[in-house]
Amino acid sequence: MNVLVYLIPISIFLGGLGLAGFFWSIRSRQYDDPDGDANRILTGEYDDHPKE
Amino acid sequence: MSEVQISACPACVAAPAAEETAHARDVRDTRFVLSLPAIYCAACISGVERELIKQPGVRAARVNLTLKRAQVEADEDVSVDDLISALTRVGYEAYELDAGAISATETDRKGRAILTRIAVSGFAMMNVMLLSIAVWSGASDVTRDMFHWISAAIALPAIAYAAQPFFGSAWTALRARRLNMDVPISLAILLAGGMSLFETMESGRHAYFDAALSLTFFLLAGRYLDYRTRSVARSAAEELAALEVPRVTLTDGTVISIKDLAKGALVRVVPGARVPVDGIVVEGASELDRSLLTGESLPVEAGVDTIVSAGEVNLTGPLVVKVTAAGEDSSLHRMADLVAMAETSRNKYTSLADRAAQVYAPAVHLLSLAAFIGWMMATGDIRHSLNIAVAVLIITCPCALGLAVPAVTTAASGRLFRAGMLIKSATALERLAEVDTVVFDKTGTLTEGKPELSNLKDIPPHARSVAMALASGSAHPLSAALYEAALAADITPSALTDIVEVPGQGIMGRLGDVNVKLGRAAWVDAHALSQTATYLKLGKEAPIAFTFVDHLREGAMEAVAALKAQGKDVVLLSGDAPAAVADIAARIGIEAWDAECLPAAKALRVAELTRSGRKVLMVGDGLNDTAALAAAHVSISPASALEATRVVSDMVLLGKTLAPLGEATQVARSATRRIRENFAIAAGYNMIAIPIALAGFATPLAAALAMSASSITVSLNALRLKGKP
């Protein structure tokens, strides 16, 4: 059962990674326009001069 | 839950002057918000953005498809009208929105805060559940204690952060010596956390960390659904308000905000515009459409010294109006007292959820107290008794109840929003479901307030051509309708000379050497009919009347038919003349109607119906309907209504058509049924779980299973609403 010493921290760390990712997605306003984002991916136009 | 307002500019609070400079900077950094009601696809997004970027001076443009809006960053010299006309040219309907009125929804802090809390509690719940599986499947002694300690380390901080909204609301309620749903919730969460910590320290067998967390998680999910429904409704309502940009044009051509207008100022009102203030005409002659205020469909004459009220529409000639009252003091706000009185009676309505909570909260506390005392007396073991009391509290906790209502209202209001209907009040759906009588207003609600020529076939052919030629030169609604009807009947206009429009009277011209006139009865020496009409005089011939009927609003027939099919009584109350009301009632199939109703009479009729035990749905748009709308059990107004009217309505029809009315009552009925079913499901789970908990057989595993199963069942039941018409 000693393996738990590694496994539990690893599982919590991975979960925390997911949580951090979710926070990032909220912060970067990815839920402001879900319909628009779903449609933008389908547009056939390409932005040749994207901002950095 | 009270939000602390944090100023973005601390200096502003200290020095009001600083605020002014800060705002001045905002205005210079022009940022337009456009409403784009017709966009729906990927091509629209790029089309609108490309078109906006092409305009000189526009630095950036971004479309939000969810809100159907575009934000534009542009230089100071860019005019919004240019952007709108550019978009209209390429086929996208666009309106300017008052950026100040809708900025609040942009930084949607509260929604994000709830989402963050959901994420934290969800993350903690999953981890603790994983650890608990080991305990449930038989870990013992040191291993179990270790798992419990790790769970505690995850759960306690997560609860302290995520459950704050419940603690806050429960504390506010307790301080006011009330009980709300959040009191048993907070108590359950705190007791479960505290008891589990104690058990862990004593290396006991049962810890409820996972239950405390899943309780928090499911309830937060319910909160979020509730919040979203409200914020969507609020932002759409704000959008409607923002569409009315309150500006007036002074006689010297300057455009100012209505707030800065002083009494005695002279305001110019062009034909086709709404009169923005109360006042007296000092110059010009025209006709006024008062239908929004009184329900009359017949325009009235206006000349020097005519008293005009805010909300009337100027039809033919330009007017200069001397302001007697503007904004808050104007007649638009005069009915505020009537409305406020009626509102208080409706605010007494307690929703199903509140009624459930009133029974539920004390029952839960008593039950768990009884369990504690009972076990105390039977065994004398405090720790064991407390454990059972906590188990009862957790198992009865209103997880499903907290989700039952928000899940259904979210599904229902989402469906109605797509059908073109906006729900503003939280309890409106439940009230709509109880309705058995529907009262309609006529002008502007069942009809579009737009006339339609009704007797073209009775008119001699030569008169048709002359009338068409005269009508083509005017923007008056009757002329426009006449011209349209003649055009549809393939009539060729006769060649006239010297066509002159006499504001407030009519149009005159010459056919060869015969004088021809089209206009008001008195002006052409005709005998005025009792219905809307205009009169044509050819030289010395007897005047010919062109009669008009109101154009029915789209979907009015369907809505009335659907409501009648559902067994509801339909009544028509109008401020218009009896002949016009009778005509509409007959065309649409309403037997019960009343004409020439004053605003107070309408409200009285609605109140009478209410007293006789009816639940009245009032549908109206005018200022004369406002009191009746407020007095009714539930009220709906079209988007074309005045702002004051929309404010008192529980629901707003976003499109032009009335057709969603029939669907709305059905959706409301089925939503209320779902809410009741959900309560029954939750009660059913409790019925099984409470005896088990009272008997002391409830383990953390049983609690987790009961909670998740009931939450999922009620959510699925709520979603059923979406599929079935």
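Keep in mind that what you see is a predicted model, and the values were worked out from it rather than measured.

Reading the values: the criteria
Residues numbered from 1 in each chain as written. Chains lettered and ligands numbered in written order. Predicted model: local features only at pLDDT ≥ 70, side-chain atom pairs only at ≥ 80, totals over all residues. Helix = DSSP H or I, 4+ residues; strand = E, 2+ residues; numbered from the N terminus. Buried ≥ 20, exposed ≤ 12 C-beta atoms within 10 Å, placed from the backbone. Pairing = 2+ DSSP bridges. Expected span 1.5 Å × (residues − 1). Contact = placed C-beta atoms within 7 Å. Nonpolar A, V, L, I, M, F, W, Y, C, P; charged D, E, K, R; others polar. UniProt positions renumbered as here; feature names shortened; annotations may be inferred. Axes fitted to C-alpha atoms, helices over the stretch in contact; angles between N-to-C directions.

Moving on, we come to the overall build of chain A. Along chain A, the regular secondary structure elements total 2 helices and 0 strands. In chain A, which comprises 52 residues, the share counted as buried stands at 4%.

Turning our attention to the sheet that holds strand 12 (residues 313-314) of chain B. Residues and elements named next belong to chain B. The strand order across the open sheet formed by 3 strands is 10-9-12, and the pairing between neighbours is antiparallel. What marks the edges here is a single partner per strand, and that holds for strand 10 (300-302) and strand 12. As judged from the 2 bridges shared by strand 9 (residues 286-289) and strand 12, these two strands associate in the antiparallel manner. Across the sheet, residue Leu288 finds its bridge partner in strand 12, namely Asn314.

In this section: helix 19 (residues 477-488) of chain B. In an α-helix, one full turn covers 3.6 residues, which means residues spaced three or four apart are oriented alike. All names here are of chain B. Helix length check: helix 19 (12 residues) gives 16 Å between terminal C-alpha atoms against 16 Å at 1.5 Å per residue, within 8%. Contacts made by the buried residues of helix 19 are with strand 16 (447-453), helix 18 (461-471), strand 20 (533-538) and strand 21 (544-552). Of the residues trailing helix 19, Asp490 is marked for its positive phi of about 60°.

Here the focus is the interface of chain B and chain A. Contacts between chain B and chain A engage 18 residues on the former and 19 residues on the latter. Among the elements of the structure, helix 3 (42-54), strand 2 (58-64), helix 6 (109-136) and helix 7 (141-162) of chain B are those that each provide at least two residues to the side of chain B that touches chain A. Broken down by element, the residue count for the side of chain B that touches chain A peaks at 8 residues, all from helix 6 of chain B. Split into classes, the residues belonging to the side of chain B that touches chain A amount to 11 nonpolar, 6 polar and 1 charged.

On to helix 6 of chain B. Given a rise of 1.5 Å per residue, 28 residues ought to cover 40 Å, and the 39 Å separating the end C-alpha atoms of helix 6 of chain B matches this to within 8%. In the segment just after helix 6 of chain B, Gly138 of chain B is the residue with positive phi, at about 115°.

Another aspect to go through is the UniProt feature "transmembrane region" (unreviewed entry) in chain A. Look at the UniProt record and you will see "transmembrane region" (unreviewed entry) annotated at residues 6-26 of chain A. Along residues 6-26 of chain A one finds 100% helix and 0% strand; the C-alpha atoms at either end are 31 Å apart.

Here we take up the UniProt feature "transmembrane region" (unreviewed entry) in chain B. Those residues carrying the UniProt feature "transmembrane region" (unreviewed entry) are residues 118-137, 149-171, 183-201, 207-225, 359-378, 384-408 and 679-695 of chain B in this numbering. Here residues 359-378 of chain B runs as 100% helix and 0% strand, with 28 Å between its end C-alpha atoms.

Before going further, it helps to spend a moment on unusual backbone geometry. Residue and element names in this part refer to chain B. Despite not being glycine, Asp490 shows a phi value in the positive range, around 60°. By secondary structure assignment, the location of Asp490 is in the loop between helix 19 and strand 17 (497-502). Even without being a glycine, Glu596 presents a positive backbone phi close to 50°. For Glu596, the position within the fold is in the loop between strand 23 (592-594) and helix 22 (599-611).

This brings us to the pairing of strand 8 (residues 278-283) of chain B. Inspection of the sheet shows strand 8 of chain B paired to strand 13 (residues 319-325) of chain B by 5 bridges, in the antiparallel sense. Opposite Asp278 of chain B, over in strand 13 of chain B, you have Ala325 of chain B as the bridge partner.

Next up on the list: the environment of Val323 of chain B. Residue and element names in this part refer to chain B. On the secondary structure map, Val323 appears in strand 13. Residues Val323 and Gly279, 44 residues apart in the sequence, show an inter-C-alpha distance of 4.4 Å. Not counting the four nearest positions on each side in its chain, Val323 is found in contact with Leu261, Lys263, Gly264, Ala265, Val267, Val277 and Gly279.

Attention now goes to the environment of Ala526 of chain B. Residue and element names in this part refer to chain B. Topologically, Ala526 is positioned in the loop between strand 19 (514-519) and strand 20. Exposure remark for Ala526: the 20 C-beta atoms within 10 Å place this residue in the buried category. Considering only alpha carbons, one finds Ala526 and Ile544, 18 residues apart in sequence, at a separation of 8.2 Å. Not counting chain neighbours up to four residues away, the residues in contact with Ala526 comprise Ala521, Tyr535, Pro543 and Ala545.

What follows concerns the sheet that holds strand 20 of chain B. Hydrogen bonds between backbone atoms are what pair the strands of a sheet, whose relative direction is either parallel or antiparallel. All names here are of chain B. Strand order in the open sheet formed by 6 strands is 16-21-20-19-18-17, and the pairing between neighbours is antiparallel. Either end of the sheet is taken by a strand with one partner, and the two such strands are strand 16 and strand 17. Strand-to-strand twist across the sheet, computed as the mean angle between neighbouring axes with direction ignored, equals 20°. Relative to strand 21, strand 16 runs antiparallel, the two sharing 4 bridges. Residue pairing in the sheet places Pro451 in a bridge with Asp550 of strand 21. This element, helix 19, spans strand 16, strand 20 and strand 21 of the sheet and lies at about 55° to strand 16.

Glancing now at the pairing of strand 2 of chain B. Residue and element names in this part refer to chain B. Inspection of the sheet shows strand 2 paired to strand 3 (residues 69-74) by 6 bridges, in the antiparallel sense. Within strand 3, the residue paired with Ala60 across the bridge is Glu73. Linkage of strand 2 to strand 3, two consecutive antiparallel strands, is achieved through a turn of 4 residues, within which Lys68 is found at a positive phi near 55°.

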